[in-house]
Amino acid sequence: MPASGVLGMEVERTPTPVTAESDAALREERLLLARLRRGEPEAFESLVRTHQDRLYDFCVRMLGDREEANDLVQDVFVSAHQHLAKFREDSKLSTWLFRIGKNHCINRLKYLKRRGRGRSEEYGEQSEGALADLLGSPPGPDAALESAREQARVQWAISQLDPEPRMLVALRDIEGLSYEEIVDITELPLGTVKSRLHRAREKLADLLGRLEE
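Just so you know, these numbers come straight off a predicted model, no measurement behind them. (Residues numbered from 1 in each chain as written. Predicted model: local features only at pLDDT ≥ 70, side-chain atom pairs only at ≥ 80, totals over all residues. Heavy atoms only, no water.)

Glancing now at the state of the cysteines. Summed over all chains, the structure comprises 0 disulfides. Not engaged in a disulfide, the cysteine Cys 59 finds its nearest cysteine sulfur in Cys 105; these two sulfurs lie 3.7 Å apart. (Disulfide = S-S within 2.5 Å.)

A few words on the packing of aromatic side chains. Applying the stated criterion to the full structure yields 3 aromatic pairs. In this structure, Lys 194 packs its charged tip against the face of Tyr 179, placed 5.0 Å from the ring centre. (Phe/Tyr/Trp six-rings, centres within 6.5 Å; stacked < 30°, edge-to-face > 60°. Lys NZ or Arg CZ within 6 Å of the ring centre and 35° of its normal.)

The next thing to look at is the nonpolar core. Residues Leu 36, Phe 58, Met 62, Leu 93, Trp 96, Leu 97 and Leu 171 are the most contacted members of the largest nonpolar core, which totals 50 residues. Contributing elements (two or more residues each) for this core: α1 (20-37), α2 (41-63), α3 (66-82), α4 (93-114), α6 (142-159), α7 (163-174), α8 (179-186) and α9 (190-212). Take this core: its biggest share by element is 9 residues, from α2. Among residues more than four places away in sequence, those in contact with Phe 58 are Phe 98, Gly 101, Lys 102, Cys 105, Met 167, Ala 170, Leu 171 and Glu 175. (Core = buried A, V, L, I, M, F, W, Y, C linked by side-chain atoms within 4.5 Å. Buried < 20%, exposed > 50% of the residue type's maximum accessible area, 1.4 Å probe, protein only. Helix = DSSP H or I, 4+ residues; strand = E, 2+ residues; numbered from the N terminus. Contact = heavy atoms within 4.5 Å.)

Dropping the structure here:
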């Protein structure tokens, strides 16, 4: 994760050069995909082990609920298994999984909004305690507690964003994906991604600033 600005955000990132390591990863992914298409159970288990943690973290950021996120990640892999034949191999498997996860999260947020379980408008002790628990903060020294509180503040601020800017912040500033990957996931033009992410960061900075007042 970048080390400056709100959430350690940077404005631009140097593209990752093609290396022998990245070539090896690409070959390994192609082999995994071939095994998945043959229906090997071990291949699907490998896919889940490799990607479930990052997908879960993304879903937690989007939904703000561990149980909801856990259920949704399972749905993502079920969808991936069912639609593997439709994967065109025009992106990485991880990008495709995030695209499925994005769609599931947006749909789930719409459902929760209809059920009256929308975002919280106020930040207080109850929100802080719930979010600290959500983020799995361990009991411990003051420094650890303050870190958990800061994470809770950040997660609360993210939860105040509309779904699309929340998604852009989660993908870029939490998961550290490249702009090219985010374009593939969101199916938005690059300029649109950058401008909307910039506005989302400004909104986050404003929200976090209010908490310090």
